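If you want the building blocks of each chain, they are given just below.
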Amino acid sequence: MTRRSPRPEASGRLHSLDGLRGVAAVIVLLHHTALLIPAFAATYKGGDQPQPGTLEWSLARTPLHLLVAGPEAVLVFFVLSGLVLALPVLRRPAYDWMSYYPSRLVRLGVPVAASVALAAVWILVVPATQRPASVWTHSMPFTDLSWKDVVVALDLVSSSSYPINNPLWSIRWELLFSLALPLYVAAALWLRRRWLVVVLVTPLVTYAGYQTSNGALHYLPVFFLGTLLAASLPQVQRLLARCDGLFWRLVAWPLVTLAALAVLVMPWLAGHGSPELTHEVDALRALGPLGALAVVVTALGWTPLRRLLETRPFQAAGRYSFSLYLVHVPVIMAVAWGPAGGLELRYRALLCVAVSAVVAVAFFHLVERHSHTLARRVGKRVSAAIAARQPAAAAPVTPAERTTQAAGSGR
């Protein structure tokens, strides 16, 4: 029996990737919720490490870390962004860059500004009656908000820390990538036949970024992997279709998926956070972008996984993923510092997840959905205004018109 290749829908949208985005957003939510646990937060921020056999240790040092692997989920976000932003450019020979830039700035800027305002409201309205034990929560200015904190949170270009709403650190890299998209696409078209070179070089560049604490080196290359995938998507889909038709696919695809997930969590299994293993762990972390790329490829190619991600729950999670990403940390901070912070930890965690989901749905319908419409309108108007200012090209003069003009001038 011939199997259909994992082609885009008629609209050009890859729906399984929407579901994957939803999964990644939920993992980020669980990650920040888990950081309310002091021992788990210590694995990131330093301090007394969790004891073997405890829940905190299991979340940090076993494959269960996949459930709370927030930074690793962000790598998946970055690959997805590289893919979905580059695809429209590659599919339209005359892409309207004059519309793209203002549209993209509005698309990111409006929800970000609204999330910062929401975070400030949470801080001003919710009374800080508790002092959380987790060191992570103390990095947020919940009890000492200033106008400078708001200004810094709105700066997606030069700021490197976003204490009011710390997930904005990744939106900064999203914006910088968005601004450089033409260069990414051009480089991807040039290197798509040299993909093996990119696969080999990316971990080296990422490792250098970890060693030098240079965020540009260990984040911007991740977007390029997604852009390169977009440039090679037809060939990749044909290859995936052939692989999905082989008899050993029932074993191969699960193994590939497990290998991709193992690459993402291997630094934690090897002792992430141990000072004596810094170089070794960084070398494993440098493979993370390739693991994230492999996760995206399996979401496209493994038919059972693709169909699962295309079901309604996962599609709903994908629809609200950006809103959830923007609003969940202010909600967690309000729960941790507010009156609910006195609840037992498991009840606090459930409250964080439930309230974050409700706020995300409301945020999507009140802010994000309208930002989509506004972004399209702004992009079209700016593009039309620039086109109107361009001098009209002179129409070619036909031989008959030249004869008439010559007769009229007496020549």
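What you see is a predicted model; the values in this text were computed from it and never measured.

A. The arrangement of the overall build of the protein chain in detail. Summing up its helical and strand segments, the protein chain has 19 helices and zero strands in all. Looking at the protein chain as a whole, 47% of its 411 residues qualify as buried. Roughly 20700 Å² of accessible area belongs to the protein chain as shown, and the carbon and sulfur atoms make up 65% of that amount.

B. The arrangement of the packing of helix α4 (residues 70–91) against helix α14 (residues 288–301) in detail. As a packed pair, α4 and α14 sit with axes 8 Å apart at the nearest point and diverge in direction by 60°. Overall, the two elements α4 and α14 adopt an arrangement that is oblique. The handedness of the crossing between α4 and α14 comes out as right-handed. Between α4 and α14, the contacting residues are Leu 75, Val 76, Val 79, Leu 80 and Leu 83 on the first element and Gly 288, Pro 289, Ala 292, Leu 293 and Val 296 on the second. Of the residues assigned to the contact of α4 with α14, the class counts are nine nonpolar, one polar and no charged.

C. Highlighting the confidence of the model for the protein chain. Chain-level pLDDT for the protein chain is 87 on average; 90% of the residues reach the 70-or-more range. In the predicted structure, residues 1–10 sits below a pLDDT of 50 and forms 19 contacts with residues beyond four places in sequence or in another chain. When the criterion is pLDDT under 50, residues 399–411 qualifies, and its contacts beyond four places in sequence or with other chains add up to four contacts.

D. Representation of the packing of aromatic side chains. A complete count under the given rule lists 17 aromatic pairs for this structure. When the centroid spacing of 5.8 Å and the interplanar angle of 45° are considered together, the rings of Trp 173 and Tyr 219 count as tilted. Placement of Trp 173 in helix α7 (residues 168–179) and of Tyr 219 in helix α10 (residues 215–231) is noted, with a sequence separation of 46 residues between them. Judged by relative accessible area, Trp 173 falls into the buried class, the value being 9%. Classification of Tyr 219 by relative accessible area gives buried; the value is 18%. Measuring from ring centre to ring centre gives 5.1 Å for Tyr 320 and Phe 364, while their planes differ by 90°; the resulting arrangement is edge-to-face.

E. Main features of the pattern of salt bridges. Following the criterion strictly, the structure yields five salt bridges and no others. Glu 174 serves as the salt-bridge partner of Arg 104, at 3.7 Å between the closest nitrogen and oxygen. Of this pair, Arg 104 sits in helix α5 (residues 97–125) while Glu 174 sits in helix α7, and the two are 70 residues apart along the sequence. On the basis of relative accessibility, which here comes to 14%, the residue Arg 104 falls in the buried class. Here Asp 282 and Arg 285 are joined by a salt bridge, their closest N and O atoms 3.2 Å apart. Placement of the pair is Asp 282 and Arg 285 together in helix α13 (residues 278–285), with a separation of three residues, close to one helical turn.

F. Spotlight on the nonpolar core. In this structure, Leu 17, Leu 20, Trp 136, Ile 171 and Val 296 are the most contacted members of the largest nonpolar core, which totals 98 residues. Beyond its immediate sequence surroundings of up to four residues, Trp 136 is in contact with His 32, Leu 35, Leu 36, Ala 41, Lys 45, Asn 166, Val 329, Ile 332 and Met 333.

G. Structural context of α5. Between its first and last C-alpha, α5 extends 42 Å over 29 residues, near the 42 Å set by a 1.5 Å rise per residue. Where α5 begins, the side chain of Asp 96 points an oxygen toward the backbone nitrogen of Met 98, at a separation of 3.2 Å.

H. Expanded view of a positive patch on the surface. Taken together, the side chains of Arg 376, Arg 377, Lys 380 and Arg 381 present a region of like positive charge at the surface. With respect to the helices and strands, Arg 381 occurs in helix α18 (residues 345–389). Relative accessible area serves as the criterion here: at 67%, Arg 381 is assigned to the exposed category.

About the criteria used
- Residues numbered from 1 in each chain as written.
- Predicted model: local features only at pLDDT ≥ 70, side-chain atom pairs only at ≥ 80, totals over all residues.
- Heavy atoms only, no water.
- Helix = DSSP H or I, 4+ residues; strand = E, 2+ residues; numbered from the N terminus.
- Buried < 20%, exposed > 50% of the residue type's maximum accessible area, 1.4 Å probe, protein only.
- Areas by Shrake-Rupley, 256 points an atom, 1.4 Å probe, with all protein chains shown as cover.
- Axes fitted to C-alpha atoms, helices over the stretch in contact; angles between N-to-C directions.
- Parallel < 35°, antiparallel > 145°, perpendicular 65-115°, else oblique.
- Left-handed = near helix turned anticlockwise from the far one by under 90°.
- Contact = heavy atoms within 4.5 Å.
- Nonpolar A, V, L, I, M, F, W, Y, C, P; charged D, E, K, R; others polar.
- pLDDT = per-residue confidence, 0-100.
- Phe/Tyr/Trp six-rings, centres within 6.5 Å; stacked < 30°, edge-to-face > 60°.
- Salt bridge = Lys/Arg side-chain N within 4 Å of Asp/Glu carboxyl O.
- Core = buried A, V, L, I, M, F, W, Y, C linked by side-chain atoms within 4.5 Å.
- Expected span 1.5 Å × (residues − 1).
- Polar contact = N/O pair within 3.5 Å; in protein donor to acceptor, adjacent residues only side chain to side chain.
- Patch = residues over 30% accessible without salt bridge, like charges linked within 9 Å, V, L, I, M, F, W, Y side chains within 5 Å.
- Lys, Arg positive; Asp, Glu negative; His and termini not counted.
- Charge placed at Lys NZ, Arg CZ, Asp CG, Glu CD.

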